[in-house]
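Understanding the architecture of this molecule
Listed here are the chains, written in short residue letters.
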Amino acid sequence: MTSPATPSFGSKRSNYSLPDHDRQHHRLCGAMLPIFLNDLTNHNNQDLVEVILELNNDDDDIVVCSVAPVGNDTPEEEEEEEETGTGMLGRGLSATSRSIRRTFGWLIRSSSSRTAASSNSGELELPPRDARRLKAKLQRTRSSAQRALNGLRFISKTTGPSDAEELWKQVEARFESLAVHGLLARGDFGRCIGMADSEEFAVGIFDTLARRRRQKITKITKEELHDFWIQISDQSFDARLQIFFDMADSNEDGRITREGVQELIMLSASANKLSKLKEQAEEYASLIMEELDPENFGYIELWQLEALLLQRDVYINYSRPLSAVSVGWSQNLSSFRPKNLLRRLNRSLQCLILDNWQRGWILLLWIVAMASLFAWKFYQYRNKAAFEVIGYCLPVAKGAAETLKLNMALILLPVCRNTLTWLRSTRARSFIPFDDNINFHKMIAYAIAIGIIVHAGNHVACDFPRLVNSSAEEFEPISSDFHGKNPTYKFLFTGPEGLTGILMVIFMAISFTLAASHFRRNTVRLPAPLNKLTGFNAFWYSHHLLGLVYVLLLIHGSCLYFVHEWYQKTTWMYISVPFLLYVVERSIRTCRSKHYSVKILKATILPGNVISLIMSKPPGFKYRSGQYIFLQCPTISPFEWHPFSITSAPGDEHLSVHIRTVGDWTQELKRAISEGDHSLSLVHQTSVAQPQDMDQIRLCSQPKLFFDGPYGAPAQDYRNYDVLLLVGLGIGATPFVSILKDLLNSTRTAEEQLDSNTDTSTPSGSLNSFTSSCLTPNDKKKSQRATNAHFYWVTREPGSFEWFKGVMDEVAEMDHKGQIELHNYLTSVYEEGDARSTLITMVQALNHAKHGVDILSGTRVMTHFARPNWKEVFTKIAFKHPFSTVGVFYCGMPMLAKELKMLSLELTHKTSTRFEFHKEYF
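This write-up is about the structure you can find in this document. (Residues numbered from 1 in each chain as written. Predicted model: local features only at pLDDT ≥ 70, side-chain atom pairs only at ≥ 80, totals over all residues. Heavy atoms only, no water.)

**What to know about the overall build of the chain**
The secondary structure content of the chain amounts to 37 helices and 18 strands. Going through the 922 residues of the chain one by one, you find that 48% of them count as buried. A sequence separation of at least 24 residues applies to 73% of the contacts in the chain between residues at least 6 apart. Of the accessible surface of the chain, which amounts to about 46,100 Å², a share of 56% is contributed by carbon and sulfur atoms. (Helix = DSSP H or I, 4+ residues; strand = E, 2+ residues; numbered from the N terminus. Buried < 20%, exposed > 50% of the residue type's maximum accessible area, 1.4 Å probe, protein only. Contact = heavy atoms within 4.5 Å. Areas by Shrake-Rupley, 256 points an atom, 1.4 Å probe, with all protein chains shown as cover.)

Quick look at the structure:
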């Protein structure tokens, strides 16, 4: 305000919160301010000042931004006074401004754009540390700080009155079980309050709260525990911050030194089991001190730690620039939701049809075929003479047998991998869901099991008793089929048809049982020696019994009692073509595997029980990113083949895979490689805990490996989409590493072509526009369509990021146009806002902002400590790439696939972006 008589307020900005007793005093003074200014006008009218104030309507707080002298001098006089420094108002604060400061000392001068007006006033200048303190207090009320104010929780995300009471009951129950003679030991405090896996951190809290009571105790009563509980479950951010600060302020002087910060980092790293971070705690403590204590006082105070936590998003946004996604986008999604119930149902139906039409017509065709065959065979046997003797049991059994013939033929087609790989490259992929081949294989197996029950059950429970117990008159029409003798149970069960049927049922029961997921994944625990019946080996070998089943089926189908003409015995017609196709496939596989003998160039044992194998690439071997190969090690077993995704790019001169040792075969492979060189055996024992450069061993003697492939997988079709969303869980990231390498190689090739094409000027547009203008029409068909990729890697083990460290760095370095976004998520660290992870998050953001390096992976890709909010991920991509087709490729456990699939369908119908979901399980 430029006139002291009529105070006016300019902009209104939020001020920081004040204690209640101070706030009451401030409001009284705030009410007196106009009176005081009016008095100045009456008594000191010749002395004018410009007072800039800020008002917070919510709290009635007033902030003085600046107090500057305003004179009536002419511009020439002002310039002269400014140059000579002799002007009365230019030499310092006016009497009025000093009077305001003396009377209203509670008014705080904030750091604003108008401070330049008073920069020449010596009395208003603050030391840098005090200025930062005032700025930190103002920072609390800003929207960017609200997220941090909700963090630093010691107990739970939601601890309202009812939640707190329920949680205390659980703590009280644990106290009763852990306490000895009514006292809880210091070491049991963590388990009692629900921090069983963070005992060291919990002990730090215990010691801090004990110091507040001026006690040095090792045991507490239930009353003392309740007092501790009230403090750590306090919903006030200030209270939680004070506890966190006091954990490092062991001498209670209100200051934390570098050693105290280091102790906090070590406690947080220990609670989250981050050994690497714990080893570098001193380095990161110095980093925090450098940021918070630029004056080198050697300590920080509570407000400085608070300022660091409140500016969390500032550091994160600086280190990881946000894409141009409007915050309101998620809110605008509501406009896509139809309010009418019928329209919502119609949209849901459209969504269901769009996602399942390929599966739908295949299943419909399959069901219609089975129903037609059943009806045809039922009608055929309904008109036979045997129907008069046996009744409806016979046509039902024969109808089920006809469906069995069809299914025994169809079940081979989904596992003819070479054929499916070829079909994936044709237009058939547009209407046949090749990604569901294993699901269809399992579905047919269930239908076979049902057909066996119906067919064999009718024969044993109905047909055979009626046939054996039929009278001579009833048996007469069909006596010629049994050489004129009434059959007995022994004849029916031991004859060619009965014996082959029994053997087929036994073999298929064994094979189907050991193929169940609980047996195949070794989750069923059986006593020795029955434990050999579980695991992948049991599944693999038992499945080969089905080869005998097909031989028995041919015999069984040629020894029918009521059919005599060869062309009426149709079993061989059903299974001959699929069976021969499968035999040819296996033969090709055997021959090709002998040709594709590879040499291990380098073996690396990585954290998380992962082996990286770099192998020689056979001449003429071609593959596509996203495909996989089968590996066989004759040293382990000459019969076992195991699939692994290819992690090298098609343009690489070598072939690489990453193998996680979780089963018998992979454990044996690791042992065989270790025995190939004694130095590797030493590394094998230490590499999981401390992976060093010596973990990469160039082997002098290594086991022989054969591989077969490549085989098609959903990810190989990534070129058919404009944008890629790649989601990998743990080792499920392997198929996408090859894709990232391929995209990177394409970018590098395009840049080299751009550099070499000096005669042709190209626009500085996207890579896709450049390649389209430079390539021939034939090359355009081969050029990749995907121009952007978003890679999300979610893992529980910090050491997992060592697997593809080189790829991450290379992508971050080469991707100048931001075409590839890399996002690493570590779920083993406590969720955002938990006190045990708060400081780690800040160290992560601060280090990445200053040095551009992640503290865990050592790459330029920042690691996030949480699970991704998938809805936000999909929303961001949808509005960043409107009117595009996004290929969503997922590889991991089945639990996340359903959520990603539903989001793909939801966002497809709510936005202009289309998401197509594909999955792979491991």
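Moving on from the model shown.
**Re the state of the cysteines**
Working definition: the covalent bond between the sulfur atoms of two cysteines is a disulfide. Considering all chains together, one arrives at one disulfide under this definition. Note that cysteine 393 is cross-linked by a disulfide to cysteine 462, the S-S spacing being 1.6 Å. Taking the sign of the S-S torsion, about 75° here, the bridge from cysteine 393 to cysteine 462 comes out right-handed. Taken together, the residues cysteine 393 in helix α19 (residues 393–410) and cysteine 462 in helix α21 (residues 437–468) connect sequence positions 69 residues apart. (Disulfide = S-S within 2.5 Å.)

**With respect to the sheet that holds strand β12 (residues 705–711)**
If you walk across this open sheet you meet the four strands as β5-β12-β8-β9, and the pairing is antiparallel. Edge positions in the open sheet fall to β5 (597–598) and β9 (642–645), since each of these has one partner strand only. With two bridges joining them, β5 and β12 adopt antiparallel strand pairing. Among the inter-strand pairings, valine 598 is bridged to a residue of β12, identified as leucine 705. Sheet contacts for helix α20 (residues 417–424): β8 (628–632) and β12; angle to β12, the most-contacted strand, approximately 40°. The strands touched by helix α28 (residues 571–595) within the sheet are β5, β8 and β12, with β12 carrying the most contacts at an inclination of about 125°. (Pairing = 2+ DSSP bridges. Axes fitted to C-alpha atoms, helices over the stretch in contact; angles between N-to-C directions.)

**A short note on α28**
In an α-helix, one turn spans 3.6 residues, which is why side chains three or four residues apart end up on the same side. Over its 25 residues, α28 extends 36 Å from the first C-alpha to the last, a length consistent with the 36 Å expected when each residue adds 1.5 Å. For α28, the complete set of buried residues consists of Thr571, Tyr574, Ile575, Pro578, Glu585, Arg589, Arg592 and Ser593. (Expected span 1.5 Å × (residues − 1).)

**Examining the packing of aromatic side chains**
Per the stated rule, a full pass over the model turns up 32 aromatic pairs. Between tyrosine 489 and phenylalanine 493, the ring centres sit 6.5 Å apart and the planes meet at 20°, which makes this aromatic pair stacked. In this pair, tyrosine 489 and phenylalanine 493 both sit in helix α23 (residues 489–494), four residues apart, roughly one turn of the helix. Take phenylalanine 493: its relative accessible area is 29%, and that puts it in the partly exposed class. Among the aromatic residues, those joined into a cluster by ring pairs are Phe736, Phe791, Trp793, Phe801, Trp803 and Phe804. The positively charged end of arginine 255 is found above the aromatic ring belonging to tyrosine 299, 4.0 Å away from the centroid. The ring of phenylalanine 539 carries the charged tip of arginine 520 above its face, separated from the ring centre by 5.9 Å. (Phe/Tyr/Trp six-rings, centres within 6.5 Å; stacked < 30°, edge-to-face > 60°. Lys NZ or Arg CZ within 6 Å of the ring centre and 35° of its normal.)

**Details of the sheet that holds strand β13 (residues 723–729)**
Read from one edge to the other, the open sheet built from six strands follows the order β16-β15-β14-β13-β17-β18, with strand pairing classed as parallel. Of all strands in the sheet, those with a lone pairing partner are β16 (863–864) and β18 (914–921), marking the two edges. Summarising the sheet, strand β17 (residues 885–892) and β18 pair through eight bridges and their orientation is parallel. Paired with valine 886 across the bridge in β18 is phenylalanine 915. Across the face of the sheet, helix α37 (residues 894–910) comes into contact with β13, β17 and β18 while running at roughly 170° to β18.

**Let's talk about helix α24 (residues 496–514)**
Look at α24: 27 Å from first C-alpha to last across 19 residues, which is about the 27 Å you get at 1.5 Å a residue. Within the sequence span of α24, burial applies to Glu497, Gly498, Thr500, Gly501, Met504, Phe507, Met508, Ser511 and Leu514.

**Focus on the pattern of salt bridges**
Considering all chains together, one arrives at 29 salt bridges under this definition. Taking the shortest distance from any N to any O, the salt bridge between glutamate 802 and lysine 276 comes out at 3.9 Å. Of this pair, glutamate 802 sits in the loop between β14 (788–795) and α34 (805–814) while lysine 276 sits in helix α12 (residues 275–279); the two residues are 526 residues apart in sequence, bridging distant segments of the chain. A residue is classified by how much of its surface remains accessible, and glutamate 802, at 26% relative accessible area, is partly exposed. The partner of glutamate 291 in a salt bridge is lysine 850, and the shortest N-O contact between them spans 3.1 Å. Taken together, the residues span a long stretch of sequence, with glutamate 291 in helix α13 (residues 281–292) and lysine 850 in helix α35 (residues 835–851) at a distance of 559 residues. (Salt bridge = Lys/Arg side-chain N within 4 Å of Asp/Glu carboxyl O.)

**Topic: the packing of helix α8 (residues 199–212) against helix α10 (residues 237–246)**
Between α8 and α10, whose axes approach to 9 Å, the crossing angle comes to 100°. When the axes of α8 and α10 are compared, the pair comes out roughly perpendicular. Contact residues: α8 offers Phe201, Thr208, Leu209, Arg211 and Arg212, while α10 offers Ala239, Gln242, Ile243, Phe244 and Asp246. Its residues assigned to classes, the contact of α8 with α10 comprises five nonpolar, two polar and three charged. (Parallel < 35°, antiparallel > 145°, perpendicular 65-115°, else oblique. Nonpolar A, V, L, I, M, F, W, Y, C, P; charged D, E, K, R; others polar.)

**So, unusual backbone geometry**
The step from glycine 709 to proline 710 runs through a cis peptide bond, and the omega angle for that step is 5°. Inspection of the secondary structure assignment puts proline 710 in strand β12. Despite not being glycine, histidine 181 shows a phi value in the positive range, around 60°. Inspection of the secondary structure puts histidine 181 in the loop between α6 (161–178) and β3 (184–185).

**Notes on the nonpolar core**
For soluble globular proteins, the rule of thumb is that nonpolar side chains tend to be buried together. By size, the foremost hydrophobic cluster in this structure holds 91 residues, and its most contacted members are Phe154, Phe189, Phe201, Leu225 and Ile265. A total of seven residues in this core trace back to one element, the largest contributor, which is α13. Leave out the neighbours within four places in its chain, and phenylalanine 189 touches Leu184, Ala202, Ile205, Phe206, Ile220, Leu225 and Phe228. If you look at the next biggest cluster of nonpolar residues, it comprises 24 residues, including Met370, Ala409, Ile452 and Leu552. (Core = buried A, V, L, I, M, F, W, Y, C linked by side-chain atoms within 4.5 Å.)

**A few points about a nonpolar patch on the surface**
A cluster of nonpolar residues, Leu349, Leu352, Ile353, Leu354, Trp357, Trp361, Leu365 and Phe431, forms a patch on the protein surface that exposes about 750 Å² of accessible area. Relative to the helices and strands, tryptophan 361 is located in helix α17 (residues 341–382). (Patch = residues over 30% accessible without salt bridge, like charges linked within 9 Å, V, L, I, M, F, W, Y side chains within 5 Å.)

**Structural notes on the packing of helix α26 (residues 536–543) against helix α27 (residues 545–558)**
For the pair α26 and α27, interaxial distance at closest approach is 4 Å and the crossing angle is 20°. One way to sum up the angle between α26 and α27 is to call them roughly parallel. Of α27, the residues touching α26 (which contributes Tyr541, Ser542 and His543) are Leu545, Leu546 and Gly547. Of the residues in the contact of α26 with α27, the class split is three nonpolar, three polar and no charged.

**Some details on the environment of serine 348**
Summarising the element assignment, serine 348 is placed in helix α17. Note: C-alpha distance between serine 348 and glutamate 906 (558 residues apart in sequence) is 8.8 Å.

**Overview of the side chain of histidine 455**
Here histidine 455 lies in helix α21. Judged by relative accessible area, histidine 455 falls into the buried class, the value being 13%. Only 2.8 Å separates the side chain of histidine 455 from the backbone oxygen of alanine 397, close enough to count as a polar contact. Dropping the residues within four chain positions of it, histidine 455 is found in contact with Ala397, Ala400, Ala401, Leu404 and His556. (Polar contact = N/O pair within 3.5 Å; in protein donor to acceptor, adjacent residues only side chain to side chain.)

**With respect to the pairing of strand β6 (residues 600–606)**
Of all seven residues in β6, six are buried, a share of seventy percent or more. Bridge analysis of β6 against strand β7 (residues 610–616) gives six bridges, and the strand direction is antiparallel. By the bridge assignment for β7, isoleucine 600 is matched with methionine 615. Hairpin geometry of β6 and β7 is characterised by an intervening segment of three residues between the two adjacent antiparallel strands and by a positive phi of about 80° at glycine 608.

**Concerning the environment of histidine 864**
With respect to the helices, strands and loops of the structure, histidine 864 is situated in strand β16. With a relative accessible area of 12%, histidine 864 lands in the buried category. Each C-alpha atom of the pair histidine 864 and glutamine 844 lies 8.8 Å from the other, and the pair is 20 residues apart in sequence.

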